[in-house]
Amino acid sequence: MYPGLFMALLAAAAFSARLAFAAAPVSPETESCLDCHRQIHPGIVAEWEKSRHARITPAEALAAPRAARRLSATAVPPALEGYAVGCFECHGLRPGDHADSFEHNGFDIHQVVSPGDCRTCHPEETSQYAENLMSRAYGNLAGNPVFRDLEHTILGRLRPAKGKPAIEPAAEPTRAEGCYSCHGTKLRVVGKERRTTELAGELEFPVIEGWPNQGVGRVNLDGTLGSCAACHTRHLFAVKTARQPYTCKECHVGPDVPAFKVYEASKHGNLFSSHAAEWNFERVPWTVGRDFTAPTCAACHVSALVTPEGRPVARRTHRMNDRLPWRIFGLIYAHPHPLSPDTTVIRNTAGMPLPTDLSGKPAEAFLIGSEEMERRRRTLQAVCLSCHGGSWVNGFWARFEHTIAETNAKTRDATAVLEEIWKAGLAAGPAGGGSPFDEPIERRWADVWLIYANTIRFASAMAGGGDYGVFADGRYRLNQAVAALEEWHRERRKPKAAGKP
Ligand code: HEC
Ligand code: HEC
Ligand code: HEC
Ligand code: HEC
Ligand code: HEC
Ligand code: HEC
Ligand code: HEC
Ligand code: HEC
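Residues numbered from 1 in each chain as written. Chains lettered and ligands numbered in written order. Predicted model: local features only at pLDDT ≥ 70, side-chain atom pairs only at ≥ 80, totals over all residues. Heavy atoms only, no water.

When helices and strands are tallied, the protein shows 23 helices and 11 strands. A globule of 501 residues ought to have a C-alpha radius of gyration of about 23 Å, and the protein, at 26 Å, matches this closely. Burial status across the protein gives 43% buried among its 501 residues. Across the protein, every contact between residues at least 6 apart in sequence was considered, and the portion connecting residues at least 24 apart equals 58%. Roughly 25,000 Å² of accessible area belongs to the protein as shown, and the carbon and sulfur atoms make up 58% of that amount. Once the 58 positive and 55 negative side-chain charges of the protein are each reduced to a mean point, those two points are 6 Å apart. (Helix = DSSP H or I, 4+ residues; strand = E, 2+ residues; numbered from the N terminus. Rg over C-alpha atoms; globule rule 2.2 N^0.38 Å. Buried < 20%, exposed > 50% of the residue type's maximum accessible area, 1.4 Å probe, protein only. Contact = heavy atoms within 4.5 Å. Areas by Shrake-Rupley, 256 points an atom, 1.4 Å probe, with all protein chains shown as cover. Lys, Arg positive; Asp, Glu negative; His and termini not counted. Charge placed at Lys NZ, Arg CZ, Asp CG, Glu CD.)

Okay, empty space enclosed by the protein next. Counted by the stated rule, this structure contains 1 cavity of 30 Å³ or more. Approximately 100 Å³ is the volume attributed to the largest cavity. Forming the boundary of the largest cavity are V146, F147, L331, I332, M352, L354, L358, P430, P436, F437, W445 and W449. Broken down by secondary-structure element, the contributors of at least two residues to the lining of the largest cavity are α11 (145-155) and α21 (440-461). Residues of the lining of the largest cavity, tallied by class, amount to 12 nonpolar, no polar and no charged. (1 Å grid on protein atoms, 1.4 Å probe; cavity = no way out; pocket = protein on both sides within 12 Å on 5 of 7 lines; lining within 4 Å. Points joined across faces, edges and corners; volume = space filled by probe spheres on them. Nonpolar A, V, L, I, M, F, W, Y, C, P; charged D, E, K, R; others polar.)

Our next topic: the site of ligand 7. By nearness alone, 23 residues border ligand 7, and C297, C300, H301, F329 and M462 come closest of all. Between ligand 7 and the protein, one listed contact pairs an oxygen atom with a backbone N or O atom of F329 at 2.7 Å. Sorting the residues of the shell around ligand 7 by element identifies α16 (259-264), α18 (297-301), β10 (326-327), α20 (390-423) and α21 as the ones contributing at least two each. Tallied by class, residues from the shell around ligand 7 come to 18 nonpolar, 4 polar and 1 charged. (Near = heavy atom within 4 Å. Polar contact = N/O pair within 3.5 Å; in protein donor to acceptor, adjacent residues only side chain to side chain.)

Glancing now at the packing of aromatic side chains. Throughout the structure, instances matching the rule amount to 20 aromatic pairs. Between the aromatic rings of F88 and F107, the centroid separation amounts to 5.8 Å while the plane-to-plane angle is 55 degrees, which identifies the pairing as tilted. Of this pair, F88 sits in helix α7 (residues 87-91) while F107 sits in strand β2 (residues 107-109), and the two are 19 residues apart along the sequence. Measuring from ring centre to ring centre gives 6.3 Å for F396 and F400, while their planes differ by 20 degrees; the resulting arrangement is stacked. Residue F396 and its partner F400 are both found in helix α20; the two are separated by 4 residues, about one turn of the helix. A residue is classified by how much of its surface remains accessible, and F400, at 7% relative accessible area, is buried. A network of ring pairs unites the aromatic residues Y246, F260, Y263, F272, W279, F281, W286 and F292 as a single cluster. (Phe/Tyr/Trp six-rings, centres within 6.5 Å; stacked < 30°, edge-to-face > 60°.)

What follows is about the environment of V470. Here V470 lies in the loop between α22 (466-469) and α23 (475-499). Taking relative accessible area as the criterion, V470 reaches 34% and is therefore assigned partly exposed. Along the backbone, V470 and Y452 are 18 residues apart, and their C-alpha atoms lie at a distance of 9.4 Å. Among residues more than four places away in sequence, those in contact with V470 are R475, Y476 and R477.

Inspection of the entire model under this criterion finds 30 salt bridges. Linking R194 and E202 is a salt bridge whose minimum nitrogen-to-oxygen distance equals 2.7 Å. The class for E202 is partly exposed, based on a relative accessible area of 48%. A salt bridge links R475 to E406; the nearest nitrogen and oxygen atoms lie 3.0 Å apart. Residue R475 is located in helix α23, and its partner E406 is located in helix α20; the two are separated by 69 residues in the primary sequence. Residue class for R475 comes out partly exposed when judged on its relative accessible area of 28%. Judged by its relative accessible area of 16%, E406 is buried. What emerges from the salt-bridge pattern is a single network uniting R94, D97, D117 and D222. (Salt bridge = Lys/Arg side-chain N within 4 Å of Asp/Glu carboxyl O.)

Here we take up the coordination of the iron atom of ligand 7. The coordination sphere of the iron atom of ligand 7 contains the protein donors H301 (NE2) and M462 (SD), at a distance range of 2.0 to 2.3 Å. Coordination geometry of the iron atom of ligand 7: the 6 donor atoms subtend angles of 77 to 179 degrees at the metal centre, consistent with an arrangement described as octahedral. Of this pair, H301 sits in helix α18 while M462 sits in the loop between α21 and α22, placing them 161 residues apart in sequence. H301 sits in the partly exposed class, given a relative accessible area of 22%. (Donors = N, O, S within 2.8 Å, 3.2 Å for Na, K, Ca; no water. Tetrahedral: all angles 85-135°; square planar, octahedral: opposite > 155°, others 65-115°.)

A few words on the site of ligand 2. Of all residues adjacent to ligand 2, which total 19 residues, the nearest are C87, C90, H91, R234 and H235. H235 is positioned such that a nitrogen or oxygen atom in its side chain is 2.8 Å from a nitrogen atom of ligand 2. Contributions of two or more residues to the shell around ligand 2 are made by α2 (28-40), α3 (42-50) and α7. Sort the elements by how many residues they give to the shell around ligand 2 and α7 lands first, with 3 residues. Of the residues assigned to the shell around ligand 2, the class counts are 9 nonpolar, 8 polar and 2 charged. Composition of the shell around ligand 2 by domain shows at least three residues from each of domain 1 (1-93) and domain 2 (113-236). (Domains from an automatic or database assignment.)

Residues with a pLDDT of 70 or more make up 94% of the protein, whose mean pLDDT is 94. In this model residues 497-501 is a low-confidence stretch, pLDDT under 50, and it forms 0 contacts with partners more than four residues away in sequence or in other chains. (pLDDT = per-residue confidence, 0-100.)

Distances from the iron atom of ligand 3 to its protein donors, H53 (NE2) and H122 (NE2), fall within 2.0 to 2.1 Å. Considering all 6 donor atoms around the iron atom of ligand 3, angles at the metal cover 87 to 178 degrees and the coordination shape is octahedral. Here the residue H53 occupies a position in helix α4 (residues 52-55), and H122 occupies one in the loop between α8 (115-118) and α9 (123-130), the gap between them amounting to 69 residues.

Looking at the assigned domains, one finds that the protein contains domain 1 (1-93), domain 2 (113-236) and domain 3 (239-499). Across the contact, 19 residues belong to domain 1 and 12 residues belong to domain 2. Note on domain 1 versus domain 2: buried area summed over both sides is about 1,400 Å², and carbon and sulfur give 63% of it. When the area that domain 1 buries against domain 2 is broken down by residue, the three leading residues are E47, S72 and L93, summing to 35%. On the surface where domain 1 and domain 2 come into contact, there are 1 salt bridge. With a closest N to O distance of 3.9 Å, R234 and E47 form a salt bridge. Applying the counting rule to domain 1 against domain 2 returns 4 residue pairs in polar contact (both at pLDDT 80 or more). Of all the secondary structure elements, the ones that give two or more residues to the side of domain 1 that touches domain 2 are α2, α3 and α7. Considering every element that reaches the side of domain 1 that touches domain 2, the biggest residue donor is α3, with 4 residues. Looking at the side of domain 1 that touches domain 2 residue by residue, the class counts come to 11 nonpolar, 5 polar and 3 charged. (Buried area = accessible area lost by both parts, 1.4 Å probe.)

Right, dumping it as structure tokens:
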């Protein structure tokens, strides 16, 4: 039916088979790195040797048939073309751009290889990733005063004080190990240290604050954002790893963002657990039916997918919101996806940097419109439709969008109670200059949207339904929390009412 693509796929298979046996020549610089590092870091060298970077030169990769091309560059600098992508080809790139560049046994190298370096050979992935919310995860948190306040109430130390407890700010190591372990830290060179080594005598290294870290929005020493190693662990950089749900689980496990937990409990997750050993996680493009028969996170959100006869199902994207009409992670309500990956630019009608009002009204000027939502819905549904009938998918979608409306309405009920509490002066809300997150009753309110409403939506979206949507952090807990808020309010109103003649 698609003879051109079919032939291309056959050629691709032949190409992969040939490369499996080929050894790529190593540059003289990398040869020198290997001489020492084979002895001091056998783990690193072994991983690199197994990687495609060690086996395929950019020139060979550029010659691959279109459908099987793993290199998005149309050309790479001539000096890099004919050698394996070795230690020096990454750690020696753009020495002038990295604040952590240092002289090391005769070479100018840097420790933190950044998306700016990967861009040399993988420009499409790098540009797309820059438009993914993940690349902005540091600034979206650290640059938003409302979210910083939430961070402070979660990571800080509660000290007893008169009235309400005071919160002591968390120290840098706590922040780096807390929120910013996933969101990414801001790296900074803070000095140099000398170390005496057995192999090479005294050597000098830069000291980097905020490192090690492989958060998705890390602010790098060349100013670029993110860490490709968040999903492509160094030094294997294997597509096989990125396609496994465990890679995403490192950060998307909840209970506030329980994508992995609901996936694991879903039919898709069950089929992955039962049959992944028979699937092919290496082939590019990933062929539905032949390589796998139930989706992982990557299949629904990232991968280039084709049918066995070569018909395209979905284009690969590192700008993962291509397939996301909604932002289901409620802050505090679910809403259409933001226009810009930099969410600090958003203002709601109260002037706060939040995508909705406290009443749930979306900050429309900063969010995608219905046409774009429809386009993204179709892009994601095309993936479902490679394994499911239209009625199944439409039925699923109607329920999912109902769940968005249902959980937003329940969040509104809880927020209305808290607004009464603030109005009555029983807690200090934002109108009076207080934090909306620090007092015990406000923390109970945050449970409603941050944990329960989000869990219910993730369970619905990722077809994991079941217990996560109901008893485990789902509707059961949500109603308990709303009932507790109402009771707390009712009890505090009593003495006033009784005191009146
Ligand atoms: C003469 C031996 C030698 C050569 C050649 C050499 N290294 Fe090293 N390298 C070392 C030693 C020793 C260390 C320190 C290991 C330690 O303390 O953990 C080191 C450390 C490093 C580090 C980690 C720095 C840190 O702060 O811990 C990186 C990255 C590195 N080398 C990359 C390279 C690259 C890339 C090359 C080739 C361009 C190279 N090295 C060549 C011996 C060498
Ligand atoms: C494809 C690019 C690439 C190649 C090739 C490469 N590295 Fe790296 N290396 C990275 C990235 C990315 C990191 C992780 C930096 C981060 O994100 O924190 C890293 C980290 C390191 C570190 C510090 C990590 C640690 O656990 O201490 C050392 C040391 C290192 N590389 C040495 C080497 C050596 C030796 C080679 C050659 C065998 C090599 N690298 C080849 C990209 C590369
Ligand atoms: C000098 C060019 C060059 C640089 C720099 C480079 N790569 Fe690669 N990359 C390649 C080549 C060549 C391949 C093999 C392509 C093939 O198999 O056809 C590859 C393959 C890959 C793959 C696919 C592996 C697989 O299992 O299919 C990933 C993922 C990857 N690179 C990530 C990175 C990341 C992340 C960086 C930066 C830390 C980086 N690369 C830097 C040239 C480069
Ligand atoms: C285990 C990893 C992890 C940790 C730790 C973590 N987050 Fe997140 N955070 C995520 C993920 C994953 C998302 C995206 C959820 C989604 O899109 O469904 C996210 C998204 C967010 C957002 C949305 C930002 C925006 O505008 O898009 C905020 C705010 C946030 N987190 C706050 C925090 C705070 C505050 C902390 C620390 C108290 C924290 N996070 C700790 C993984 C983490
Ligand atoms: C190191 C932590 C980490 C890993 C690993 C990770 N994520 Fe994320 N992800 C985040 C954070 C943090 C955010 C939220 C960023 C924000 O809102 O500012 C996020 C956001 C997202 C989004 C929303 C993107 C958008 O533009 O709307 C998607 C989709 C996503 N992740 C999917 C995945 C998938 C699929 C994987 C595995 C292949 C994965 N993530 C691996 C931390 C991670
Ligand atoms: C949130 C997880 C995540 C991050 C971060 C990420 N990737 Fe990927 N990447 C994936 C997934 C999943 C795939 C597999 C796509 C597929 O199956 O078509 C992939 C595939 C690739 C491939 C193609 C591999 C092949 O064999 O064709 C390259 C090259 C690549 N990524 C480069 C990068 C670069 C460069 C960065 C940093 C700018 C990056 N990735 C950041 C998840 C990620
Ligand atoms: C069967 C396909 C499918 C699989 C498998 C899947 N997802 Fe999703 N995912 C969806 C759908 C549908 C949505 C909702 C789309 C929307 O937000 O408009 C979604 C939404 C998301 C979001 C967006 C949250 C937000 O706030 O906007 C993240 C993050 C996410 N998934 C991560 C993951 C991770 C991690 C995995 C694997 C553990 C995974 N997904 C597995 C279909 C899938
Ligand atoms: C690669 C194939 C594949 C893709 C892609 C896929 N699914 Fe599935 N899905 C399956 C299989 C197989 C089952 C198990 C059917 C059964 O129970 O007999 C399943 C089951 C389901 C279920 C049943 C859950 C339950 O326990 O009742 C839902 C709902 C579902 N899928 C929705 C979706 C949606 C929505 C998408 C796209 C966002 C999607 N699927 C993408 C293969 C796929």
